[in-house]
Amino acid sequence: MSSPRVVVIGAGVVGAAVADELTARGWTDVTVLERGALPLPGGSSSHAPGLVFQTNPSKTMAGFAAYTVQKMVGLEVFNQVGGLEVATTPERLAELRRRHGFATSWGIESRLVDPGECAAMHPLLPADAVLGGFHTPTDGLAAAPRAVAAQLARATDRGARVLAEHKVLDVLSEGGRVTGVRTDHGDVPADVVVSATGFWGPQTGAMVGLTIPLLPMAHQYARSGQVAAMAGVTADAVSPILRHQDRDLYFREHGDRIGIGSYAHRPMPIDVSALPATGMPSVLDFTPQDFAPSFADACALLPALTDAGIESGINGIFSFTPDGMPLLGEHPELRGFWVAEAVWVTHSCGVAKTLAEWLVDGEPEIDVHECDLNRFEAVQLSPEYISTRSTQGFVEVYDILHPLDTTTEPPLRVSPFYERQGQLGGLLLQMGSWERPYWFEANGGLPEVERVPPRDDWAEKHWSPIAGAEALVTRERVAMYDMTPLKRLEVSGKGALALLQRLTTNNLDKKPGAVTYTLMLEPSGGVRSDLTVARLADDVFQVGANGNTDLDRLLREAGGAGDVHIADITAGTCCIGLWGPRARDLLAPLTADDISHAGFGYFRAKKIHVGSVPVTALRLSYVGELGWELYTTADLGLHLWDLLWEAGQRHGVIAAGRHAFNSLRLEKGYRSAGTDMTTEHDPYESGLGFAVRPDKGDFVGRAAIAGRERPSRKLVPLLLAGDRVVLGKEPVYVDGAPAGYVTSAAYGHTIGAGIAYAWLPAAAAAPGTAVQVEYFGERLAAVVAAEPLFDPEMKRIRC
């Protein structure tokens, strides 16, 4: 098979790595176009200080960084001096313990060190300046310009060509596919175009009608004068790279001088259209007044800097995105146009490897749902949203962030029940652009609150014992949950069934009224998503999905076929989850339709009326209780809420939030796609083999998972001792050694124990196996349990 013609726009550290990774896989007809002059074309790679700290809360980002280190070490363009993060406050010291947990979970060598060890590692750091540190010996310094040169050289040796000083003017296309790139030196034909243009990404995207949601921002980096204590040092760097995140600072050696980077200054968004076309456009004039407070903080940590002063500095341009993650993937409408943007040196080679796998093999080896270009909702692509959230990301880049920390900006998307939620004192957090209630202060007087055990300070953030009471009331009476933010799609037309059958694992060829839980897999068998599909008519299916990437997948696979129509109906509809043992008692008086178990069975769908409101009712439950998901149009949502609320008063109904929901679903062992399982896990490992029907006919991933019914690793529930609670991503130890990591976690209020789902080797996954979970440096005792933890006979749901 001949290589497709590939044009990579941008010869920075990402573009060079993409060319190298593609040509290494046999795609050798690669042309790299660069607007600037090589070897320093003027993008962010030309001035990047090169610090690579691998540890990240994201497993994917840590994987990108680990591969970047591995590759750059092999290219001899990496100085593996190690990394040292220090704490000057008790809060930061606790955060370093948490980061040690991340590193352990993701397989990155690290250890916690005391103040004396910190001082011994870095000659300018007094032991009494810090409370402790976090050391990663494989971190270090990437020589970005040398990495660019080395990778471009390897690519050209394999047949690629590099054209410097070629400004891209347009991307050519025909019939929905790219055909080439127009430059100021003529056209270059292409079957695939990869945009790796860094902070120029939005301009490149505009050529093809694509919003690239990133914000170019200036970031200050300065070099000290000669440090007396380092006089005579000629080596570029020998001490670990250093981070002082309590003051938004990082440090590296430059011979007898110290480089200092700061994120403490005011945000400085940049209009790239005003930058010079030649020279070093990514380097702006240093603004000493912005840096002065940071230099004072630097001297407080490293007193030897005081007499050295600042010798030089820059305001260098980098890219920030609304959620702090890179942008990878293919244009949703223009085939062959791919993006690798908002990627820092730290993750550059890992991103390039992943993109090359995606192009050549059809899917990447690691999960990339957090980085998928098409993950954003339309409102998240507005200029205001991109600017506001990206700026917030800059400000918070070194902050201690809780998993539920979110924006303080005004609400964006709200359900029809928003007013009632406010009246009930809902604690709402914005997630995925939606306001979502986590608990309701109106439930503070419930007697069940007294039955909820306390939590530690970290686990208690964005939480209240009221949430535990809401879970208990759901089990004992009835509760209303706002399920509106969950993505809903309508797939219709003569070809709808065939499309869904081909893309998912379960058999959807059932009579109208059936509801089916099913999976979308990658060709390799990894779980891309899970879907709940209700067949409402012969040619109409309502699909409960996990986000915009599911919509993108369905649209791509439909390929513009005239016999399939796919619509996102989320915004025009709403949903109330009505669950609990009294749910039928509440609902029955409001409808003339038969909602008895005989008349409306489990995992069935039916059109009913609740009062005067037409409702699509799905009899299923993500919390493990009798009840329904009740869908109607957004204009009737508030009326539906009020009908249920008024009728429910005699049954003790409450409104309940996401914390209760999460606790209840873990007691039942219900998975969350993207958290509990990803494309790195197959259905059998994930405990979802029941949703696979190989005998229904062919589907994506069917051949790959054949014979995998006895996996070597498993997703299993752990029960923590002593009412302890963890939050996810903590390492799990078996026989004293790291063996896996936590995915989802919560306290199970019905069973009276902390629950942590975790990936473990099959040999350690048997119920009764004793394990430990590391939480902020403490080893918590836990035991593997059999699932489901609650109501294994499903009596409460099927009644």
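A brief report on the enclosed structure follows. All figures in this text were calculated on a predicted structure; none of them were measured in a lab.

### What about helix α8 (residues 288-301)?
No. 1: Between its first and last C-alpha, α8 extends 19 Å over 14 residues, near the 20 Å set by a 1.5 Å rise per residue.
No. 2: Ser-294 marks where α8 bends most, by close to 25°.
No. 3: Of the positions making up α8, those classed as buried are Asp-290, Phe-291, Ser-294, Phe-295, Ala-298, Cys-299 and Leu-301.

### A short note on unusual backbone geometry
No. 1: Following Leu-38, the chain continues into Pro-39 via a peptide bond in cis, with omega recorded as 15°.
No. 2: A cis amide bond, omega 0°, links Glu-787 with the succeeding residue Pro-788.
No. 3: Considering the arrangement of structural elements, one finds Pro-788 in the segment after β40 (778-784).
No. 4: Positive phi values are uncommon outside glycine, yet Ser-433 reaches one of about 80°.
No. 5: For Ser-433, the location among the structural elements is in the loop between β22 (426-431) and β23 (434-440).
No. 6: Judged by relative accessible area, which is 2%, Ser-433 ranks as buried.
No. 7: Positive phi outside glycine occurs at Lys-729, with the angle close to 80°.
No. 8: Here Lys-729 lies in the loop between β35 (713-720) and β36 (731-734).

### Remarks on the side chain of His-651
No. 1: Inspection of the secondary structure puts His-651 in the loop between α17 (637-648) and β34 (654-656).
No. 2: In this structure, His-651 is in contact with Arg-477, Val-478, Arg-582, Asp-585 and Leu-586, ignoring residues within four places of it in sequence.

### Quick look at the packing of aromatic side chains
No. 1: Counted by the stated rule, this structure contains 23 aromatic pairs.
No. 2: With a centroid separation of 4.3 Å and an interplanar angle of 40°, the aromatic rings of Phe-199 and Trp-200 are classed as tilted. A single burial state applies to Phe-199 and to Trp-200, both of which are buried.
No. 3: When the ring of Tyr-263 is compared with that of Tyr-398, the centres are 5.2 Å apart and the planes differ by 70°; the resulting orientation is edge-to-face. Here Tyr-263 is found in the loop between β17 (257-262) and β18 (283-285), whereas its partner Tyr-398 is found in the loop between α10 (383-395) and α11 (418-423), with 135 residues between them in sequence. Of the two residues examined, Tyr-263 and Tyr-398, each falls in the buried class.
No. 4: Feature note: the residues Tyr-221, Tyr-250, Tyr-263, Phe-318, Phe-320, Trp-344, Phe-394 and Tyr-398 constitute an aromatic cluster, connected by ring pairs.
No. 5: The positively charged end of Arg-475 is found above the aromatic ring belonging to Phe-790, 4.0 Å away from the centroid.
No. 6: Over the aromatic face of Tyr-733 sits the side chain of Arg-779, whose NZ or CZ is 3.6 Å from the ring centroid.

### With respect to the pairing of strand β31 (residues 605-610)
No. 1: In the sheet, β31 pairs with strand β32 (residues 613-618) via six bridges, with the strands oriented antiparallel. Residue pairing across strands places Lys-606 opposite Ala-617, the latter belonging to β32.
No. 2: Between the end of β31 and the start of β32, which pair antiparallel, lie two residues, with Gly-611 showing a positive phi angle near 60°.

### What about the environment of Glu-117?
No. 1: Inspection of the secondary structure assignment puts Glu-117 in helix α5 (residues 115-121).
No. 2: Distance in space between the C-alpha atoms of Glu-117 and Lys-71 is 29 Å, their sequence separation being 46 residues.

### Some thoughts on α10
No. 1: Relative to the 18 Å expected for 13 residues at 1.5 Å per residue, α10 spans 18 Å between its end C-alpha atoms, a close match to the ideal helical length.
No. 2: Of all the residues in α10, the buried ones are Tyr-385, Ile-386, Arg-389, Ser-390, Thr-391, Gln-392 and Phe-394.
No. 3: Against the buried residues of α10 lie β14 (215-224), β19 (310-320) and β22.

### Regarding the packing of helix α13 (residues 465-476) against helix α18 (residues 658-668)
No. 1: Where α13 meets α18, the closest approach of the two axes is 8 Å, and the angle between their N-to-C directions is 55°. Judged on the interaxial angle alone, α18 and α13 are oblique. Classified by chirality, the crossing of α18 by α13 is right-handed. Residues Ala-467, Glu-470, Ala-471, Thr-474 and Arg-475 of α13 pack against His-659, Ala-660, Ser-663, Leu-664, Glu-667 and Lys-668 of α18.
No. 2: Taken together, the residues that form the contact of α13 with α18 break down as four nonpolar, three polar and four charged.

### Comments concerning the pattern of salt bridges
No. 1: Using the criterion set out here, one finds 46 salt bridges in the structure.
No. 2: Notably, a salt bridge pairs Arg-528 with Glu-522, separated by 3.2 Å at the nearest N-O pair.
No. 3: Looking at Arg-528, the relative accessible area reads 23%, which means it is partly exposed.
No. 4: Under the relative-accessibility criterion, Glu-522 is labelled buried at 9%.
No. 5: Three or more residues are tied together by salt bridges with common partners; here these are Asp-20, Glu-21, Arg-25, Lys-71, Arg-154, Arg-158, Lys-353, Glu-357 and Glu-365.

Definitions and limits used
- Residues numbered from 1 in each chain as written.
- Predicted model: local features only at pLDDT ≥ 70, side-chain atom pairs only at ≥ 80, totals over all residues.
- Heavy atoms only, no water.
- Helix = DSSP H or I, 4+ residues; strand = E, 2+ residues; numbered from the N terminus.
- Expected span 1.5 Å × (residues − 1).
- Bend = angle between axes of the 7 residues up to and from the residue.
- Buried < 20%, exposed > 50% of the residue type's maximum accessible area, 1.4 Å probe, protein only.
- Contact = heavy atoms within 4.5 Å.
- Phe/Tyr/Trp six-rings, centres within 6.5 Å; stacked < 30°, edge-to-face > 60°.
- Lys NZ or Arg CZ within 6 Å of the ring centre and 35° of its normal.
- Pairing = 2+ DSSP bridges.
- Axes fitted to C-alpha atoms, helices over the stretch in contact; angles between N-to-C directions.
- Parallel < 35°, antiparallel > 145°, perpendicular 65-115°, else oblique.
- Left-handed = near helix turned anticlockwise from the far one by under 90°.
- Nonpolar A, V, L, I, M, F, W, Y, C, P; charged D, E, K, R; others polar.
- Salt bridge = Lys/Arg side-chain N within 4 Å of Asp/Glu carboxyl O.

No statement about biological role is implied by the geometric values presented.
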